[in-house]
Amino acid sequence: MLYQNAKPSLLPPGQKARPDFPRFGLAPYARRFPRDEKARSLQLSGDVLDAVALPSALEGLARVEQVSDFHCVTTWSRRALRWGGVRFSDFYHLHIAPRVDPALGVTWVVLSGQDGYRSRMLLSDLLAFDVLLADTLDGLPLSVDHGAPLRLVAPAHYGYKSVKHLCGVECWHGEPRLAPSVFAFMNHPRGRVAHEERAHGLPGWLLRHVYRPLIKPNAARFAKAAAEHANTGTVTTGGPHAN
Ligand SMILES: Nc1nc2c(c(=O)[nH]1)N[C@H]1C(S)=C(S)[C@@H](COP(=O)(O)O)O[C@H]1N2
Ligand SMILES: [Mo]
């Protein structure tokens, strides 16, 4: 079943469509790549009754395909990407819900990537129908550029919530404090595109103008690093950073 939630003529406030889908992110991550490009394994941790490693996290879950738009906080959007994987909500009900201490509950989840990138989301936002654990894009296994082996896809949130090279899911009873990757303001707790929640403590429309000139040089930086990585195959995994 193909779910179609891309809106052909409307983009959220301040966004502009681009025809391609660049490898992108915060500058400190441009030269970091996953150690394991194949295994779809996830480590569950945090306020759960048992921290488990799930060697093939998508196994036993209904596969779905979804067409959705992708919105980077720097104002570029790529329309109608066809992702394949499983719904995060299905994953949650199979693997996390039985491990939640009913006396504590879980309200926040921190997702982490093999490159050291981390991002928090409200559990209630992650349970939305269009949030996926994706391992394919346009019918092919995810490329390293776009998050191999597994990534989150949360179309209603800015791209910085859609963690690539996903390897860890931490469940927390309360709001986690994360060390910021670059500037603390860049880190909005929810990051909903419809509300232009680009950043914390600054109006979204103001940041449109700050971010726009950075798109071109940053996309070039990420493309250059990917080309170098393809030649040398070196891997640098990261430290504790967050968005
Ligand atoms: N692990 C990891 N996930 C990440 C990032 C990153 O640097 N590392 N960058 C985020 C940002 S800011 C964006 S816009 C998207 C870009 O996804 P893409 O490279 O597939 O276009 O990935 C997000 N997820
Ligand atoms: Mo982004």
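Refer to the structure above for everything that follows.
Okay, so let's go over this structure. (Residues numbered from 1 in each chain as written. Chains lettered and ligands numbered in written order. Predicted model: local features only at pLDDT ≥ 70, side-chain atom pairs only at ≥ 80, totals over all residues. Heavy atoms only, no water.)

### So, the environment of Gly174
- Mapped onto the elements, Gly174 comes out in the loop between β12 (166-172) and α3 (204-211).
- On the basis of relative accessibility, which here comes to 31%, the residue Gly174 falls in the partly exposed class.
- Spatially, the C-alpha atom of Gly174 lies 9.0 Å from that of Gly105, the residues being 69 residues apart in sequence.
- Those residues in contact with Gly174 that lie beyond four places of it in its chain are Thr107 and Trp108. (Helix = DSSP H or I, 4+ residues; strand = E, 2+ residues; numbered from the N terminus. Buried < 20%, exposed > 50% of the residue type's maximum accessible area, 1.4 Å probe, protein only. Contact = heavy atoms within 4.5 Å.)

### Describing the site of ligand 1
- Around ligand 1 sit 20 residues in total, of which Pro22, Asp115, His146, Arg151 and Lys164 are the nearest.
- A total of 530 Å² of accessible area belongs to ligand 1 in isolation, and the protein chains cover 98% of it.
- Looking at the shell around ligand 1, its residues break down into ten nonpolar, five polar and five charged. (Near = heavy atom within 4 Å. Areas by Shrake-Rupley, 256 points an atom, 1.4 Å probe, with all protein chains shown as cover. Nonpolar A, V, L, I, M, F, W, Y, C, P; charged D, E, K, R; others polar.)

### Digging into the packing of aromatic side chains
- Applying the stated criterion across every chain yields a total of nine aromatic pairs.
- Aromatic pair Phe88 and Phe91: ring centres 5.8 Å apart, planes at 50 degrees, arrangement tilted. Placement of both Phe88 and Phe91 in helix α1 (residues 88-96) is noted, with a separation of three residues, approximately one turn of the helix.
- Judged by relative accessible area, which is 0%, Phe88 ranks as buried. (Phe/Tyr/Trp six-rings, centres within 6.5 Å; stacked < 30°, edge-to-face > 60°.)

### Here's the deal with unusual backbone geometry
- A cis amide bond links Ala148 with the next residue in sequence, Pro149, at an omega value of 0 degrees.
- On the secondary structure map, Pro149 appears in the loop between β10 (140-141) and β11 (151-153).
- Phi is positive for His165, close to 50 degrees, though the residue is something other than glycine.
- Along the polypeptide, His165 turns up in the loop between β11 and β12.
- Residue His165 is classed as buried on the basis of its relative accessible area, which comes to 2%.

### Focus on the sheet that holds strand β7 (residues 108-113)
- As summarised here, the arrangement of the five strands in space is β4-β3-β12-β7-β8, forming an open sheet in which the pairing is mixed. Lying at the two open borders of the sheet, with one neighbouring strand each, are β4 (53-54) and β8 (118-122).
- Where β7 meets β8, five bridges bridge the pair, whose relative direction is antiparallel. Across the sheet, residue Leu111 finds its bridge partner in β8, namely Ser119.
- Running over the sheet, α1 touches β3 (42-46), β4 and β12 and is turned about 65 degrees from β3. (Pairing = 2+ DSSP bridges. Axes fitted to C-alpha atoms, helices over the stretch in contact; angles between N-to-C directions.)

### Let's talk about the pairing of strand β6 (residues 76-87)
- Among the twelve residues that make up β6, nine are buried, leaving the element largely enclosed by the rest of the structure.
- Where strand β2 (residues 16-17) meets β6, two bridges bridge the pair, whose relative direction is parallel. Considered in β6, the bridge of Lys16 is made with Trp76.
- Sheet topology note: the β6/strand β9 (residues 132-137) ladder contains five bridges and is antiparallel. Bridge assignment links Gly85 to a residue of β9, and that residue is Ala134.

### Examining the environment of Ser181
- Within the secondary structure, Ser181 sits in the loop between β12 and α3.
- We classify Ser181 as buried; its relative accessible area is 11%.

### As for the pattern of salt bridges
- Counted by the stated rule, this structure contains 13 salt bridges.
- In this structure, Arg18 and Asp20 form a salt bridge, with 2.5 Å as the shortest nitrogen-oxygen distance.
- Across the pair Arg40 and Asp135 runs a salt bridge whose closest N-O atoms are separated by 2.8 Å. One end of the pair, Arg40, is in the loop between β2 and β3; the other, Asp135, is in strand β9, and 95 residues separate them in sequence.
- Residue classification places Arg40 among the partly exposed residues on the basis of a relative accessible area of 28%.
- Taking relative accessible area as the criterion, Asp135 reaches 5% and is therefore assigned buried.
- A single salt-bridge network, built from bridges that share partners, covers Arg31, Lys224 and Glu228. (Salt bridge = Lys/Arg side-chain N within 4 Å of Asp/Glu carboxyl O.)

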